[in-house]
Amino acid sequence: EYLRWFPSLNASYAIRENLTARAAYYTSIGRPAYGQYAGGVTLPDESMSPSPNNVIRVSNVSIKPWSARTVKFSLEYYFQRVGLISVGAFRRDFENFFGNTTFRSTPEFLALYDLDAAQYGGFDVATTHNLAETVRMEGYDVSYKQALTFLPPWARGVQIFANGAAQRATGEGADSFSGFIPKTAAWGISLNRPTYSLKVNWNYKSKHRRGAINGVGIPPGTYQWGSKRLFVDLIGEYKLTQRFALFGNVRNLRDTPEDFVRDGPGIPDVAKFRQRDRYGALWIFGVKGTF
């Protein structure tokens, strides 16, 4: 059951006409995957010896959703006409966050699933559980946007923007966080005229940790990592008439690949690289109408 209250509070204060401070407090919830409640059991390969990858895997039907409390502050400065610069910071505390655990099987536990202790007693059991400790996520962000109205008439319509964010997880359960991007950034420039518009956007994400890797001979603390990437997108539009326009988008213009590596204690450099994914550039063209 999820019959709970999730209060939130938002406040802003105008320090000056063009300077505003904002603060927020809110609560949230994260439900586990629905498959957790199916109660499934995956049995090990009996022809192989027990290992960190050859275990009894059990869905935890008693797992609870995690909950979080977040506090956020920001300061915003507005330029005359079109323009904004803001800085912000947040702190989020998770309770009952999801983690993985492995324990020795016992005859009593195996009997719950009608498994023979003589047959499966030598295999460990792997499942998920709620972490007892609180996990904290904290970070900050910076954003800037401005229309360059000071340019001469022939260069009017130019607008630039840039933003960036950084976050990190702390606490005893921080290793349970995977897949989040520690640092991201985006910047770009656009030109808008009565008959056409053109935008160039850059999007950056830093190296990020993915799932843990377990196995025979693999030291603890070994993870798969995704490489840093810089995307370039090109967006354009040209008006044919008052109602119709041609448009074109090119995503990942430079066909930037993404590398995946395995890194951990004692792994030599020659064994870290695992694979490279190339997604190609996505070209989209069309005609749109307004009626």
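What counts, and at which threshold
Residues numbered from 1 in each chain as written. Predicted model: local features only at pLDDT ≥ 70, side-chain atom pairs only at ≥ 80, totals over all residues. Heavy atoms only, no water. Pairing = 2+ DSSP bridges. Helix = DSSP H or I, 4+ residues; strand = E, 2+ residues; numbered from the N terminus. Axes fitted to C-alpha atoms, helices over the stretch in contact; angles between N-to-C directions. Core = buried A, V, L, I, M, F, W, Y, C linked by side-chain atoms within 4.5 Å. Buried < 20%, exposed > 50% of the residue type's maximum accessible area, 1.4 Å probe, protein only. Phe/Tyr/Trp six-rings, centres within 6.5 Å; stacked < 30°, edge-to-face > 60°. Lys NZ or Arg CZ within 6 Å of the ring centre and 35° of its normal.

A. A look at the sheet that holds strand β11 (residues 183-192). If you trace the 11 strands from one edge of the open sheet to the other, you get β1-β2-β5-β6-β9-β10-β11-β12-β15-β16-β19, paired in antiparallel fashion. Whereas interior strands pair on both sides, the edge strands pair on one side only; in this sheet they are β1 (8-16) and β19 (282-289). For this sheet, the mean angle separating the axes of adjacent strands, direction not counted, is 10°. Judged from the eight bridges that link them, strand β16 (residues 244-251) and β19 form a sheet pairing that is antiparallel. Counterpart to Arg251 in the pairing with β19 is Leu282.

B. Inspection of the nonpolar core at higher detail. Trp66, Ala68, Phe90, Phe94, Phe97, Leu131, Val135, Met137, Ala169, Ala174 and Phe177 together form the largest nonpolar core, which totals 11 residues. Elements with a contribution of two residues or more to this core: β5 (66-78), β6 (83-95) and β9 (135-147). Within the second largest apolar cluster, eight residues are counted, among which are Val58, Tyr120, Phe123 and Val125.

C. Spotlight on the packing of aromatic side chains. Scanning the model with the defined rule gives 12 aromatic pairs in all. Ring centres 6.2 Å apart and planes at 85° place the aromatic pair Phe79 and Tyr144 in the edge-to-face group. Note that Phe79 is positioned in the loop between β5 and β6 and Tyr144 in strand β9, a separation of 65 residues in sequence. According to the relative accessible area criterion, Tyr144 is partly exposed, its value standing at 24%. Counting every residue linked through ring pairs, the aromatic cluster contains Trp66, Phe94, Phe97 and Phe98. The positively charged end of Lys207 is found above the aromatic ring belonging to Trp225, 4.9 Å away from the centroid.

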